[in-house]
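Chain by chain, the residues:
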Amino acid sequence: EVQLVESGGGLVQAGGSLRLSCAASGFTFDDYAIGWFRQAPGKEREGVSCISSSDGSTYYADSVKGRFIISRDNAKNTVYLQMNSLKPEDTAVYYCATNCPTYGSSWPIGYGMVYWGKGTLVTVSS
């Protein structure tokens, strides 16, 4: 029923850019905050960015502020993560999820039913 499908990952050199997409279906998309998370091998999953469902407020982990931009297109049921100035430490599987659970972040949303996508791999080479 509920599906979140990430795409746009791949291999890029340090300093490059990628745009990830999270395509949602099976729920009323514009009622949900949507977040991006990442997990590197041997590391815990961490919150990267979140965008609210109503006023479009955005939140970012300190590690990506100024480099990543989250946006949403409710007409397309899609959330994007524009990643610029990529660093090798950005290498991880990136997931999108509903309602922005905290996962180490300090954003204030973190409420409601959480559904996860399967992830897309981002590899940043040096």
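Right, let's walk through the structure included here.

## A closer look at the overall build of the protein
So, step 1. Each helix and strand counted, the protein has zero helices and 10 strands in total.
So, step 2. The secondary structure elements of the protein, listed N-terminal to C-terminal, are β-β-β-β-β-β-β-β-β-β.
So, step 3. Whereas a compact globule of 126 residues would reach a radius of gyration of roughly 14 Å, the protein reaches 13 Å, a difference of no more than 12%.
So, step 4. With respect to the three principal axes, the spread of C-alpha positions in the protein is 40 × 25 × 25 Å.
So, step 5. The buried share of the protein, reckoned over its 126 residues, is 40%.
So, step 6. Restricting the contact set of the protein to residue pairs at least 6 apart, pairs at least 24 apart contribute 59%.
So, step 7. Summing over all exposed atoms, the protein offers an accessible surface of approximately 6,400 Å²; the carbon and sulfur share of this is 47%.
So, step 8. Looking at the protein, you have 10 positive and 11 negative side-chain charges, and the mean spots of the two groups are 6 Å apart.

## Overview of unusual backbone geometry
Glycine aside, the phi torsion of most residues is negative, and most peptide linkages are trans.
So, step 1. Despite not being glycine, Cys 100 shows a phi value in the positive range, around 45°.
So, step 2. Looking at where Cys 100 falls in the secondary structure, it is placed in the loop between strand S9 (92–98) and strand S10 (120–125).
So, step 3. Residue Tyr 103 is not a glycine yet carries a positive backbone phi of 45°.
So, step 4. Tracing the backbone shows Tyr 103 in the loop between S9 and S10.

## Here we look at the nonpolar core
So, step 1. By size, the foremost hydrophobic cluster in this structure holds 25 residues, and its most contacted members are Trp 36, Phe 68, Val 79, Leu 81, Met 83 and Tyr 94.
So, step 2. A total of four residues in this core trace back to one element, the largest contributor, which is strand S3 (residues 18–25).
So, step 3. Counting seven residues, the second largest nonpolar core, distinct from the first, contains Phe 37, Cys 50, Ala 97 and Cys 100.

Cut-offs applied
Residues numbered from 1 in each chain as written. Predicted model: local features only at pLDDT ≥ 70, side-chain atom pairs only at ≥ 80, totals over all residues. Heavy atoms only, no water. Helix = DSSP H or I, 4+ residues; strand = E, 2+ residues; numbered from the N terminus. Rg over C-alpha atoms; globule rule 2.2 N^0.38 Å. Buried < 20%, exposed > 50% of the residue type's maximum accessible area, 1.4 Å probe, protein only. Contact = heavy atoms within 4.5 Å. Areas by Shrake-Rupley, 256 points an atom, 1.4 Å probe, with all protein chains shown as cover. Lys, Arg positive; Asp, Glu negative; His and termini not counted. Charge placed at Lys NZ, Arg CZ, Asp CG, Glu CD. Core = buried A, V, L, I, M, F, W, Y, C linked by side-chain atoms within 4.5 Å.

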